[in-house]
Structure formats: C-alpha cells, structure tokens
Amino acid sequence: MNSEILETPNISKFITLKNASGLLNHEELSIKKIIFDKLYKGGESEAKKTMSSFLNNRGQHYSKEMSSPLSAFSSCSRLSSYITYGNISIKQILREIKNQQKYLRENKIRTGWLKSLSSFSSRLRWHCHFIQKLEMQPDLEFTNMVRSYDLIRNTFNKDSFDRWANGNTGFPMVDACMRSLKANGWINFRMRAMLVSFASYNLWLDWRITSKYLSNYFIDYEPGIHYNQFQMQSGVTGINAIRIYNPIKQQEDHDPNAIFVRKWVPELRNVPLEYIQYPHLLSEKMQIKTGCIIGKNYPEPVVDLKKSTLKAKKEIYKVKGSGEAKNQSKAAYLMHGSRKKSKSLNLFSNR
Ligand SMILES: Cc1cc2nc3c(=O)[nH]c(=O)nc-3n(C[C@H](O)[C@H](O)[C@H](O)COP(=O)(O)OP(=O)(O)OC[C@H]3O[C@@H](n4cnc5c(N)ncnc54)[C@H](O)[C@@H]3O)c2cc1C
C-alpha cells in the first residue's frame, strides 16, 4: 500500500481479441437486469470525483453520521461500487487520505476530519481483510464458517422470506430499508446488518438464501465482503460477537422523526409519530382516520419480536457453547482472525 502507484500503461497498442470463447453474457449467467431509480455513473473520472467530494466536503462527520440512513447517503464515501468494479483502487484512496491527514495535522485543524478519516481508512483495511478470507476459504460462499451451525435454520418459511424480500414485514424500519435498497442499489452498513439480522434471527432464514437474493440488488456486490458479512450477521462464524439488531431501537436511534420511514413506507404517512414504530397498535378508529388499515394497507408484524429474539438466542448459544463449535471456532480464528492486539475474539464490528 505504501509503494508508488504505477503509471497507467499505454494501451493504444493493445489488440482486440477475436473469437474470444468461453465468455458468458449476463443472460447466460442468469444475472437479472435491475433498473435503479437513480442513474449511477461508472468510470474512473466519476470515481475520482466521488472520492474528492467525500474527502473535501461530505466526509467531515462520517464517523458520527454513517449509521443513520438519513445522513449516510451523503456522509459515507459511496465509493464501494467504484472499488468493486476496479474504477479506483484502495491504494489510490489511501494515498489521498494520507495527504489529507498530513495537511490537517500540520495545520492543527481539529474539526472532526481526523477522526472520520481514521474510521474510513480502517474500513478500507476491512475490505481487503474480508476478501482475503474468501480467497483463503472459497467455500465460505456456501458453508458456515463453523460447521456446527449446519444443523440450525434447516427449514424454509416462504411466507417469511417473501415478506422480508418485499418490504412487507410490518416492521417499518425493516420495510423502509428493504424498499430503499431495492430502489437505490445501496444502503449503509448498519441498515444492511439490521436487514440480515432480522432475516437470520427473527425470521430464522438461512443466510445462503437471503445473501443470494440481496446480491442481485447491491450495486457494490463484492462476494468477499458480502458472504463474510452475511455469516457474521447470522452468528455462524464462531469468531464474532452475536449481534441481534432490534429494528424498533434502530428506528428510534436513526430515524427518530420518521422521515426515512414515511418516505419509503408511504402507507404510514399519516400515522402519528408515537405510533410510527408500532402501527399495528393503532385503534380501529385511528386506522380509519389515518388511512392505514392494518392487514389491508400495512401488514401486521410478521413475528413477535421479543419471542423470536429469545428463541434465536437460545438456539444460537446452544450451538456456540458446544465443545465441537468451540474447537471449530478456534480453527476459524487461526485461519481468519485479525492478528491485531485485541484480547477478545470480537473482531470487525462497526455497530
Ligand atoms: C450483510 C452485509 C453485506 C455487505 N455486502 C457488501 C458488498 O457486497 N460489497 C461491499 O462493498 N460492501 C458490503 N458490505 C459492507 C458495507 O455495508 C459497504 O461496504 C458500505 O455500506 C458501502 O458504502 P460506502 O462505500 O459509502 O462505504 P464507506 O463507509 O464509505 O466505506 C468505505 C469502503 O470501505 C469498505 N467497507 C466499509 N464497511 C465495510 C465492512 N463492514 N466490511 C468490509 N469492508 C467495508 C468498502 O469497500 C467501502 O466502500 C456489506 C455489509 C453487510 C452488513
């Protein structure tokens, strides 16, 4: 990362390959064509423009604003798709960060930038770390990192899956995030983690099915990060803390005035703020008044949040505590764990 960036090679003398065989097009690969609301512009110069606007303007409060879907769209770098498609490299970005950090330190500028740049550069390292995991163990796309978890989530509830996949779970924050992601091809880390946690714990769906579904929609789809994150957020790596995100708390913390929820779940437009996390508790009279009839305009919650969370915890900790899972977790740690000084095995969480 610290070595010189190589000059762009002169490609004018390259010749076009004729009759290149074995290359499949997107239809042959069964890749769905999805049109996003916003037109994304690809290419190197767009990538550089995006980096520059983030490092000079948008990123100042990155570390504080990355978790809310209200601020993340502009406060996160939005470089992921450019990195995925090779329009810009991690090395090029790190070089710019270093220059910026030097300037800020020399000029003693303490306006939040240094903290944000430090969080941002950690994430660029994680990017490489996650991809390395998949390179070392390619079957992570298909199998649990700790095989003792193979015995759980072995049934498939199609109704739960469909309601999650279509943003109709009856949990406003989950539904808003899913609908926003499907329209934009992007959502911030915290909300991705919440979507997966809800599917894997509360709906008890297997990450191998949900990860394939979302890979169609992420414009930055990068298998190394994607499958590792799905495994992490589903509690099957053995080397990460079990994290179950409460969608009601996430809504309270990151969309307290329901701006995001009302935008993406317009059925709830007229529901008063005090009911916006629990629209199913509206009285019949209020449902009529607000035009939000539960079961007709907006669904009942697909599960009981408390009961499903407790059940999931019980199941997952039962496996986690077994001798076999402990041994497999140690092996996973030796292969994939960070070699940083951390005393715990709780690596890479950016909650
Ligand atoms: C279930 C799940 C699936 C994900 N799938 C993908 C994926 O397919 N492709 C992808 O690029 N990211 C994925 N992420 C990680 C993260 O959500 C995105 O990288 C981030 O939201 C992209 O937006 P950004 O470029 O504005 O990120 P920033 O916050 O600006 O971060 C800068 C860069 O750092 C890297 N990065 C950020 N967070 C992480 C992380 N937690 N782990 C590894 N690298 C990170 C990415 O390359 C990102 O572009 C996933 C996260 C979860 C929870």
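Residues numbered from 1 in each chain as written. Predicted model: local features only at pLDDT ≥ 70, side-chain atom pairs only at ≥ 80, totals over all residues. Heavy atoms only, no water.

Q: Would you take a moment to explain the pattern of salt bridges for this structure?
A: Oppositely charged side chains can pair when the atoms bearing their charge come close. One pass over the full model with this rule turns up 10 salt bridges. The salt bridge involving Asp150 is made with Arg147; its shortest N-O contact spans 2.7 Å. On the basis of relative accessibility, which here comes to 43%, the residue Arg147 falls in the partly exposed class. Lys249 is the salt-bridge partner of Asp253, the closest N and O atoms lying 2.6 Å from each other. A residue pair is termed a helical-turn pair when its members lie 3 or 4 positions apart in one helix, as Asp253 and Lys249 do in helix α12 (residues 247-254) at 4 residues. Judged by relative accessible area, which is 39%, Asp253 ranks as partly exposed. (Salt bridge = Lys/Arg side-chain N within 4 Å of Asp/Glu carboxyl O. Buried < 20%, exposed > 50% of the residue type's maximum accessible area, 1.4 Å probe, protein only. Helix = DSSP H or I, 4+ residues; strand = E, 2+ residues; numbered from the N terminus.)

Q: Teacher, can you tell me more about the nonpolar core here?
A: Ranked by size, the top nonpolar core spans 56 residues in total, and within it Trp164, Phe198, Leu214 and Leu268 carry the most contacts. Listing elements by their share of this core, those giving two or more residues are α7 (158-165), α8 (172-184), α9 (189-202), α10 (207-215), α11 (223-233), α13 (259-264) and α15 (305-320). The dominant element in this core, judged by the number of residues it contributes, is α9, at 8 residues. If we ignore the near neighbours within four places in the chain, the residues touching Leu268 are Pro172, Val261, Arg262, Ile276, Pro279, Cys292 and Tyr298. Listed in part, the 23 residues of the second largest apolar core include Ala47, Tyr82, Ile88 and Trp186. (Core = buried A, V, L, I, M, F, W, Y, C linked by side-chain atoms within 4.5 Å. Contact = heavy atoms within 4.5 Å.)

Q: When you look at the domain arrangement of the protein in this model, what are you seeing that I'm missing?
A: Interface size is often expressed as the accessible area that is lost when the parts come together. According to the domain assignment, the protein contains domain 1 (44-136) and domain 2 (139-351). The interface of domain 1 with domain 2 comprises 22 residues on the first partner and 32 residues on the second. Summed over both partners, the interface of domain 1 with domain 2 buries about 2,400 Å², with 69% contributed by carbon and sulfur atoms. Per-residue buried area on domain 1 facing domain 2 is highest for Phe130, Lys133 and Leu134; these three make up 26% of the total on that side. Where domain 1 packs against domain 2, one counts 0 salt bridges. Secondary structure elements with two or more residues in the side of domain 1 that touches domain 2: α3 (72-75), α4 (80-84) and α6 (113-136). (Domains from an automatic or database assignment. Buried area = accessible area lost by both parts, 1.4 Å probe.)

Q: Just to check I follow, could you spell out the layout of surface pockets for this structure?
A: Empty space among the atoms can be located by rolling a probe the size of a water molecule over them. Approximately 480 Å³ is the volume attributed to the largest pocket. The wall of the largest pocket is formed by 16 residues, among which Ile31, Lys32, Tyr85, Ser215 and Asn216 lie closest to the centre. (1 Å grid on protein atoms, 1.4 Å probe; cavity = no way out; pocket = protein on both sides within 12 Å on 5 of 7 lines; lining within 4 Å. Points joined across faces, edges and corners; volume = space filled by probe spheres on them.)

Q: What is the right way to look at unusual backbone geometry in this model?
A: The phi angle of most residues is negative, glycine excepted, and most peptide bonds adopt the trans form. For Lys108, which is not a glycine, the phi torsion comes out positive at approximately 50°. Among the secondary structure elements, Lys108 is positioned in the loop between α5 (90-106) and α6. A relative accessible area of 65% places Lys108 in the exposed class. Its identity as a non-glycine residue notwithstanding, Trp204 has a phi of 55°, on the positive side.

Q: Whenever I open this one, the packing of aromatic side chains confuses me. Can you help?
A: Aromatic rings considered in pairs are described by the distance between their centres and by the relative angle of their planes. Per the counting criterion, the structure on display carries 11 aromatic pairs. Considering the side-chain rings of Phe156 and Phe161, the 5.7 Å spacing of their centres and the 50° angle between planes classify their relative orientation as tilted. Residue Phe156 is classed as partly exposed on the basis of its relative accessible area, which comes to 43%. For Arg153, the ring lying beneath its charged end belongs to Trp204, and the centroid distance is 4.5 Å. (Phe/Tyr/Trp six-rings, centres within 6.5 Å; stacked < 30°, edge-to-face > 60°. Lys NZ or Arg CZ within 6 Å of the ring centre and 35° of its normal.)

Q: Would you take a moment to explain the packing of α8 against α9 for this structure?
A: One can describe the packing of α8 onto α9 by two numbers: an axis separation of 10 Å at closest approach and a directional angle of 120°. Judged by the twist between their axes, the crossing of α8 over α9 is left-handed. On the side of α8, the interface is formed by Met173, Val174, Cys177, Met178 and Leu181, while α9 contributes Met191, Met194, Leu195 and Phe198. Grouping the amino acids of the contact of α8 with α9 by side-chain chemistry returns 9 nonpolar, no polar and no charged. (Axes fitted to C-alpha atoms, helices over the stretch in contact; angles between N-to-C directions. Left-handed = near helix turned anticlockwise from the far one by under 90°. Nonpolar A, V, L, I, M, F, W, Y, C, P; charged D, E, K, R; others polar.)

Q: Even after reading the chapter, I still don't get empty space enclosed by the protein, so can you show me in this structure?
A: By the definition in use, this model includes 3 cavities of 30 Å³ or more. Approximately 800 Å³ is the volume found for the largest cavity. At the level of elements, α4, α6, α9 and α11 are the ones that each hand at least two residues to the lining of the largest cavity. With 6 residues, α6 is the single largest residue contributor to the lining of the largest cavity. Each residue belonging to the lining of the largest cavity can be placed in one class, and the counts come to 19 nonpolar, 10 polar and 6 charged. Inspection of the lining of the largest cavity shows a minimum of three residues originating in each of domain 1 (44-136) and domain 2 (139-351).

Q: Sorry, what's going on with the site of the ligand here?
A: Residues in contact with the ligand amount to 28 residues; listed here are only the nearest, Tyr62, Ser77, Arg78, His127 and Asp220. Between an oxygen atom of the ligand and a side-chain N or O atom of Arg192, the distance comes to 3.4 Å. Computed on the free molecule, the ligand has an accessible area of 820 Å², of which 99% lies beneath the protein chains in the complex. Here the ligand occupies the largest cavity. Within the residue set of the shell around the ligand, elements represented by two or more residues are α4, α6, α9 and α11. The biggest single contributor to the shell around the ligand is α6, with 6 residues. Class assignment for the residues of the shell around the ligand results in 17 nonpolar, 6 polar and 5 charged. Both domains that meet at the shell around the ligand, namely domain 1 (44-136) and domain 2 (139-351), each give it at least three residues. (Near = heavy atom within 4 Å. Polar contact = N/O pair within 3.5 Å; in protein donor to acceptor, adjacent residues only side chain to side chain. Areas by Shrake-Rupley, 256 points an atom, 1.4 Å probe, with all protein chains shown as cover. Sits in = over half its atoms within 2 Å of the grid points.)

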